[in-house]
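The chain contents come next:
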Amino acid sequence: MRILIAGADGYLGWPLLQHLAARGHEVAGVDNGARRRWVAEMGSVSAIPIAEPAERRAAFADRFGAPPAWWDGDLRDIERVRAVVREWEPDAVVHLGECPSAPYSMIDAEHAIAVQVNNVVGTFSLLAAMHEIRPDAHLVKLGTMGEYGTPNIDIPEGFFEIEYRGRTDTLPFPRQAGSWYHWSKVHGSNNIMFACRIWGLRATDVMQGVVFGTRPGDEPPPPALRTRLDFDEAFGTAINRFCCQAVVGHPLTPFGEGHQRRGFLALRDSMQCLTLALEHPPAAGEYRVFNQFQEVYGLAELAAMVQRVSGELGMDVEVCPVENPRLEAASHHYAPDHQRLLDLGYMPTTDIEAEMRLVLEDLLPYRERIEAHADVLVPGVRWDGRRERVPWLRAPARVR
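As a starting point, this report considers the structure included with it. This one's a predicted model, so the numbers in the text were calculated from it and none came from an experiment.

## Considerations on the pattern of salt bridges
- Applying the stated criterion across every chain yields a total of 24 salt bridges.
- Close ionic contact of Asp9 with Arg56 constitutes a salt bridge, the shortest N to O distance being 2.7 Å. Of this pair, Asp9 sits in the loop between β1 (2-6) and α1 (13-22) while Arg56 is found in helix α3 (residues 53-64), placing the two residues 47 residues apart along the sequence.
- Taking relative accessible area as the criterion, Asp9 reaches 4% and is therefore assigned buried.

## Observations concerning unusual backbone geometry
- Notably, Glu89 is not glycine yet its phi reads approximately 50°, a positive angle.
- Even without glycine at this site, Arg165 takes up a positive phi of about 55°.
- By relative accessible area, which is 73% here, Arg165 ends up exposed.

## A few points about the packing of aromatic side chains
- Under the counting rule described, the total for this entry stands at 10 aromatic pairs.
- Taking 4.6 Å as the distance between ring centres and 45° as the angle between the ring planes, the aromatic pair formed by Phe60 and Phe64 counts as tilted. With a gap of four residues between them, Phe60 and Phe64 both fall in helix α3, about one helical turn apart.
- With a relative accessible area of 27%, Phe64 lands in the partly exposed category.
- Geometrically, the ring pair formed by Phe160 and Phe173 is edge-to-face, given 5.1 Å between the ring centres and 75° between the ring planes. Taken together, the positions of Phe160 in strand β6 (residues 159-164) and Phe173 in the loop between β7 (167-172) and α7 (180-199) put the pair 13 residues apart, joining distant regions of the chain.

## Quick notes on the sheet that holds strand β12 (residues 295-298)
- Judged by pairing direction, the sheet is mixed, and its three strands sit side by side in the order β9-β10-β12 without closing on themselves. Two strands close off the open sheet at either side, each with one partner strand: β9 (210-212) and β12. Averaged over all pairs of adjacent strands, the angle between strand axes in this sheet comes to 45°, irrespective of strand direction.
- Across three bridges, β9 lies against strand β10 (residues 261-266) in parallel orientation. Counted as the bridge partner of Val210 is Phe264 from β10.
- Where helix α9 (residues 267-279) meets the sheet, it contacts β9 and β10, and its direction lies at approximately 85° from that of β10.
- In this fold helix α10 (residues 299-312) packs onto β10 and β12, with an angle of close to 90° to the strand it touches most, β12.

## What to know about the side chain of Glu318
- By secondary structure assignment, the location of Glu318 is in the loop between α10 and α11 (340-343).
- At 2.8 Å, the side chain of Glu318 forms a polar contact with the backbone nitrogen of Ala397.
- With residues up to four places along the chain from it excluded, the contact list for Glu318 reads Pro251, Leu252, Gln307, Pro396, Ala397 and Arg398.

Conventions adopted
- Residues numbered from 1 in each chain as written.
- Predicted model: local features only at pLDDT ≥ 70, side-chain atom pairs only at ≥ 80, totals over all residues.
- Heavy atoms only, no water.
- Salt bridge = Lys/Arg side-chain N within 4 Å of Asp/Glu carboxyl O.
- Helix = DSSP H or I, 4+ residues; strand = E, 2+ residues; numbered from the N terminus.
- Buried < 20%, exposed > 50% of the residue type's maximum accessible area, 1.4 Å probe, protein only.
- Phe/Tyr/Trp six-rings, centres within 6.5 Å; stacked < 30°, edge-to-face > 60°.
- Pairing = 2+ DSSP bridges.
- Axes fitted to C-alpha atoms, helices over the stretch in contact; angles between N-to-C directions.
- Contact = heavy atoms within 4.5 Å.
- Polar contact = N/O pair within 3.5 Å; in protein donor to acceptor, adjacent residues only side chain to side chain.

Function-wise, these values are silent; they only describe arrangement.
Okay, structure coming up:
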């Protein structure tokens, strides 16, 4: 299969490019380097050093026999997207080329607009180019479980049956996004669903939980093939951030009481699930939704796990909650379905604490690198528009 990955230089895109190549697929990437610039804007770096794009592609060629086809390009430039799709003629497109950060979108109006334009326009450019040039190709779009919010009922996979005033129908499950970023993802999902209906495109919208981890497989990749791992408040996900905090002896910082519940899965399982979606495409005109995660956990529960695993590795780490900078329910029902990927053969490859141990072991050599940017470990972007570092709810016993 010929597969184009948009956002191929990112946390998921770069390992997915390699994972698919190892399975015998022809792969190509397009990226404009935005993730590197966004993280730098937040005053941070990848905890694990990553190679420059050209060095990455050279290392890819050494491993797989040839470099991936590659374009530097912005998905908002529809002519550029058309040119890439026309030249590569993909059988499938994996869309990972969006800004993936709720806090980044909440910094101010300018950042909210930038995230909305980047995500909504970029997605529409891909849809239009596929419609015009490769109408039989399959779009795998990375959505987010955050599109659903935290309703007080169970969450289906995209659609649910409803009865109202004696009539029944199957409708998209209502979205209750919690940031400008999450609303941009909702808008993208709606456009994809409509494109399938009127253009006959085939698409899989992957509502992904929070991904963590350093390894897309059993062994750590060689340096030039490693993926990034972020720990700043905008682009570092919860477990990755907790692990980076543990490595430098910083208190772990769940928000509030830490009763917010989310779905999580390891990086290697994200690779597995995206591959299953690609290798089992939907019918023409079909828009399907997969909820992609391994298990649901509360944030305080995850912090306690990281504390326990890091303690087994000789690290003495506190858990000290901070004031929640977000406007979200402090405690809530959360029971999403996730059967469709299991039906395709998804099998979790590791338990969460075993994966946490690997993350901590892989981060230990870069303790000084994380320490040099420790000021980004406590958030300061608030949903009410202020930029003010959140206070401790329980002060650390050891003041850094």
